[in-house]
Amino acid sequence: MAAIPAYWPPQYSLNGRGEPQGFAIDVLEHLAGNLGFTVRYKIADTFPDAIKLLETGEADLIPNSGILSARLSDCLFTPPVETFRISVFVRSGQRQITGISSLHGKTVGAVEQNAGLFLLRSRNDLSLEVYPNVREALLGLLSGTVDAVVYPDTVFEAVARKHNVGDKIAKVGSPLSEIKRALRFRADRADLHALFSPAVSTFVTTPDYEQIYLKWYGEAPPFWSAQRVFFAMLALLGLCIAGFLAWQFLSLRSFDRQLRLKNLELNEANASLEDRVVNRTRALATEMDQRKRSQRDLESFFNQSQSLNMIADDNGSILRVNTAWEELIGYSVEELLSRPFLDFVHPDDRPSTIDVFKTLVVSAALDGFENRYRAKDGAIVNLRWSARWDGKQKKAFAIAQDVTSQKQAEDALKLSARVFEAADEGILITDPKGIIVDVNPAFTQITGYSADEAIGRTLSFLKSGRHSPSFYAALWKRLATTGHWRGEIWNRAKDGTVYPEMLTISAVKDADGTTRNYAGLFSDITRIKEHEDRLKHLAHYDALTNLPNRILLADRLTQAMARANPANRLVAVAFIDLDGFKSLNDSFGHPVGDQVLLIVADRMRKVIDENDTFGRFGGDEFLAVLSDLKSRKDCTATLERLLEAAAEPVEIDNGRITLTASIGVTFYPQTDEMDADQLQRQADQAMYQAKLAGKNRYQFFDIHHDQEVAEHFAHLGSVKRALEANEFDLYFQPKVNLSTGRILGSEVLLRWNHPERGLLGPAAFLPQIDNHPILVDIGNWVLDHALSRMEGWAKDGFSMPLSVNVSAQQLMAPDFFQTLQAHLARHPAASPSDLELEILETSTLNNLDQISTLIARCKTLGVSFALDDFGTGYSSLAYLKRLPVTTLKIDQDFVRDLPDNRTDQDILKAIVGFGKIFNLDVIAEGVETDEHGRLLLSIGCPLGQGYAIARPMPAGDLPGWCLNWTARSAQRQDQRMLAGLAG
């Protein structure tokens, strides 16, 4: 039984039928066939798993494994089958790592149970990242998780080629080691080891072995195997010994003859040598005096402080330096002489310094080379060198100059010039009188004026005429006072185009504080302005009809209410619903429905007085705000015209369509205090009564309806009793990142275990008690129980951030901050950072400043805030800008019809844009299907909540759901990652 990994090419892999193949498989099958054995295979996921099968006794051998000292104690190895080179791999184009010596301080990847890991684990100067298999190591290298991978070169290159990333990696430096690989048997299978070992020794020298090697490696095995090298060395040694003995014999004979002749010559030369010694002694005495004088002159020159002098040998060791080095880099002469000069060179400059030093040895001269030295205190010093090489003494004589200040000045000038030329913003420089002295290319691109056209002129030629003289006077006054001015300004380009720009002007002063120049930096913000206008329009007007939307309608209604008075200025709010429009959409489709809606909306708009407001509330619902009415009957004529306009037939391609409208009307002021939202609900209720009465009519709201009041108080009593009897319960609906699968938290949802009606959602009982103080009590109950649940989970080791809805009444309670603080104090194990409070945007309508201050104060406790049901209330962009919330929740009304409603898609894109502008997280509610999720991701909204993710669930079900969701998300991520490698 042989244990093999499923994938470790070219040694092991599986073919299309799932059968083992590879170099190791062919070698084993050949050996086993010759010995009369049949091999069965046990396939493991990875090489370490295959080793475990061998160690546990489930397999007898591994067909091909590295011979390491750590493995010899518990395994038996045959003679080597091949030799692997353990090499260093980096990403293509990486220049910092050139081999094993440059891995210091780097993060290096290795694979479990692999020879590369054994070679590196004693290295304390690098960070070691251990991967379970070679594919993970390749992915870590390509993604930048590790700087290099150490692994057998043939396997690593084969895996890279399989995944089409062979050109993305490179092998650098010399191999760390050459590891011999052989058949590896369990220690208790000495019988098999004894049979296979001689078979391997014979087989590796045969043509069959060469064919298998060529098949899997694409090249013949190295001719100089270990055995061939050994026998070749023995033969060469024998020849050398024989040659040496012959040479010795002949040399001794020749030496004897030469010795006799040399004795005669020596006697003759000895006589004249005495005369030459006397003469040379006199000459040397004179030469020594001259050298002493030269030495004194050289010492005086070498030790001067104006230059940095150094003498080094051919190994780079410092032989001598002058004292100027001590002052420059802080090391004493003794410290310098004890180390090679490369120790003081900046690490990044050492390779180039080594190359230049080698060049000096060859060329004997060097001038102008620059590098950086690191001083003792860590400071960087720039040096420029001149050097000469003395080949006889094998010494380098060098003189260096400190050019640090010069380099810094040059770098600063180059940087300034690059910034000036490459900046996207226009830059202009003037003298103190405002006359332009220089401009950059971006100035020309924005204004259309070339540098020649602009230089020498004052800034007045750019004036657009939109600003008064007082504006420019204030600008120059501020510049003179503070030396700085920033703001928006309108200028005129060369082609006459007037454009807005964001301009910053700064005074440039000399050391005495005198202004020498003014520097102006500006950018064309035309697109930003256009984008702002488009956003404002999208925020206040319906995308289909271009009528005011519910946000602008609410603002107009609020203004009309402020102007109204009971004496002679009434406001009528008319809620209009087109009868049968849903059937029209179902029968003819949304395109026809939109066409009819546009025509009917335009007809109704035309019958409204220009001083009144008519807008689309949503779907087939419209709202009219009629102002300055002296009595209620003054609006009836307009209401009749609206009914007639709605009932007028509409011609379409498929024929004629006739619709009617039902209108509900209410008035302001009333006996009781009313806000805009209440007026809209009254008009909505009256419209519903009009539909019940037969449609195609208008109905005034009856404020004194006794039955509704009685039902309201009865319901209120039931809710109070439910709160006292603890009939409420909390459910939780998760929120996730649709792109990564990460769980963001859960929204807390209230449920009523009604004794008669069963489990009720909040829509069944909260709207009837809206604006009642009991909502504050319910809100505090929810908040307290949510924190208690967080504490219970924390004790069980489970953490889940929670979002709790806060009603307007609860938020505006005078003691809300103190109450929240008390809740958090009662539950210390619940982290405030895991609590998010969701407020409806309508909560902020009339108390924006107060609520902004309150939210900011509450955030000091650690909690965060979200703006809930965005798009259904009356907030404006100013509210988003001023409210210190962190999350924007899109109401499900805009998500539910997303696949079929282009308008909803445009609205969501705009809301996501708002979120990016105001740096808010945007989460979509009502994600009911996978199609919703895909559309949200395409729009740029990855955060979602809805039935497609999870339905609201009891607290006990949430931890289990989280485990299942995380497992599924991780599986999907792995599949995407493998798909990316395969591609």
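For the structure itself, consult the block above.
Keep in mind that what you see is a predicted model, and the values were worked out from it rather than measured.

**Regarding the nonpolar core**
Turning to step 1, where the next piece is worked out: If you look at the biggest cluster of nonpolar residues, it comprises 77 residues, and the most contacted ones within it are Leu820, Leu835, Leu837, Phe865, Leu958 and Trp961.
Turning to step 2, where the next piece is worked out: It is helix H23 (residues 774-795) that provides the largest number of residues to this core, a total of 10 residues.
Turning to step 3, where the next piece is worked out: Those residues in contact with Leu958, other than ones at most four positions away along the chain, are Phe732, Pro734, Ser746, Trp793, Phe798, Met800 and Met953.
Turning to step 4, where the next piece is worked out: With 55 residues, the next largest nonpolar core counts Phe23, Leu31, Ala59 and Phe185 among its residues.

**What about helix H25 (residues 816-826)?**
Turning to step 1, where the next piece is worked out: For H25, the full list of buried residues reads Phe816, Phe817, Thr819, Leu820, His823 and Leu824. Considered in projection along H25, the buried side chains sweep an arc of 165° and stay on one side of the axis.
Turning to step 2, where the next piece is worked out: On its buried face, H25 sits against H23, strand S32 (802-806), helix H24 (808-811), strand S33 (835-840) and helix H26 (848-859).

**With respect to the pairing of strand S17 (residues 426-430)**
Turning to step 1, where the next piece is worked out: Judged by how many residues are buried, S17 sits mostly within the fold: 4 of 5 residues are covered.
Turning to step 2, where the next piece is worked out: The pairing of S17 with strand S21 (residues 515-524) spans 5 bridges and is classified as antiparallel. Each bridged residue has a counterpart across the sheet, and for Leu428 the counterpart in S21 is Gly520.
Turning to step 3, where the next piece is worked out: Examined bridge by bridge, S17 and strand S18 (residues 436-439) share 3 bridges and lie antiparallel to one another. Within the sheet, the bridge partner assigned to Thr430 lies in S18 and is Ile436.

**Looking at the sheet that holds strand S16 (residues 395-402)**
Turning to step 1, where the next piece is worked out: Taken in spatial order, the 5 strands make up an open sheet running S13-S12-S16-S15-S14, and their pairing is antiparallel. Since the sheet does not close on itself, it has two edges, and those belong to strand S13 (318-321) and strand S14 (365-374), each with one partner. Along the sheet, successive strands turn relative to each other by an average axial angle of 30°, direction set aside.
Turning to step 2, where the next piece is worked out: Relative to strand S15 (residues 380-390), S14 runs antiparallel, the two being bridged by 9 bridges. Bridging from a neighbouring strand, Leu366 pairs with Ala387 of S15.
Turning to step 3, where the next piece is worked out: Along the sheet, helix H11 (residues 350-363) contacts strand S12 (308-313), S14, S15 and S16; its crossing angle with S14, the most-contacted strand, is approximately 155°.

**Structural notes on the pattern of salt bridges**
Turning to step 1, where the next piece is worked out: Applying the stated rule across the entire model yields 35 salt bridges.
Turning to step 2, where the next piece is worked out: Put simply, Lys889 and Glu925 hold a salt bridge, and the shortest N to O gap is 3.4 Å. Here Lys889 is found in strand S35 (residues 887-890), whereas its partner Glu925 is found in strand S36 (residues 921-925), with 36 residues between them in sequence. Comparing Lys889 with Glu925 shows no difference in burial state: the two are buried.
Turning to step 3, where the next piece is worked out: Beyond isolated ion pairs, a larger network of salt bridges with shared partners links Asp60, Arg186, Asp188, Arg189 and Asp191.

**Here we look at the packing of aromatic side chains**
Turning to step 1, where the next piece is worked out: The tally for this structure, following the rule as stated, stands at 34 aromatic pairs.
Turning to step 2, where the next piece is worked out: Measuring from centroid to centroid gives 6.0 Å for Trp8 and Phe84, while their planes differ by 25°, and the two rings are stacked. Linking Trp8 in the loop between strand S1 (2-5) and strand S2 (13-14) with Phe84 in strand S7 (residues 82-91), this pair joins segments that are 76 residues apart in sequence.
Turning to step 3, where the next piece is worked out: In this structure Trp8 comes out as buried when scored by relative accessible area, which is 4%.
Turning to step 4, where the next piece is worked out: The class for Phe84 is buried, based on a relative accessible area of 1%.
Turning to step 5, where the next piece is worked out: Ring plane angle 55° and centroid distance 6.1 Å describe the contact between Tyr151 and Phe156, whose orientation is recorded as tilted. Just as Tyr151 is buried, Phe156 falls in that class too.
Turning to step 6, where the next piece is worked out: The structure contains a cluster of three or more aromatic residues connected by ring pairs, namely Trp8, Tyr12, Phe47, Phe84, Phe89, Tyr151 and Phe156.
Turning to step 7, where the next piece is worked out: Above the plane of the ring of Phe461 lies Arg457, whose end atom (NZ or CZ) is 4.1 Å from the centre.
Turning to step 8, where the next piece is worked out: One Lys or Arg, Arg751, reaches over the ring of Tyr731 and ends 5.6 Å from the middle of that ring.

**Observations concerning the sheet that holds S17**
Turning to step 1, where the next piece is worked out: With antiparallel pairing, the 5 strands of this open sheet are ordered in space as S18-S17-S21-S20-S19. Across the chains shown, the open sheet's two edge strands, defined by having one partner strand only, are S18 and strand S19 (484-492). With direction set aside, neighbouring strand axes in the sheet form an average angle of 25°.
Turning to step 2, where the next piece is worked out: Strand contacts of helix H15 (residues 469-482): S19, strand S20 (498-509) and S21, with the helix running at about 150° to S19, the strand carrying the most contacts.

Each value, and the rule that gives it
Residues numbered from 1 in each chain as written. Predicted model: local features only at pLDDT ≥ 70, side-chain atom pairs only at ≥ 80, totals over all residues. Heavy atoms only, no water. Core = buried A, V, L, I, M, F, W, Y, C linked by side-chain atoms within 4.5 Å. Buried < 20%, exposed > 50% of the residue type's maximum accessible area, 1.4 Å probe, protein only. Helix = DSSP H or I, 4+ residues; strand = E, 2+ residues; numbered from the N terminus. Contact = heavy atoms within 4.5 Å. Arc of directions from axis to C-beta. Pairing = 2+ DSSP bridges. Axes fitted to C-alpha atoms, helices over the stretch in contact; angles between N-to-C directions. Salt bridge = Lys/Arg side-chain N within 4 Å of Asp/Glu carboxyl O. Phe/Tyr/Trp six-rings, centres within 6.5 Å; stacked < 30°, edge-to-face > 60°. Lys NZ or Arg CZ within 6 Å of the ring centre and 35° of its normal.

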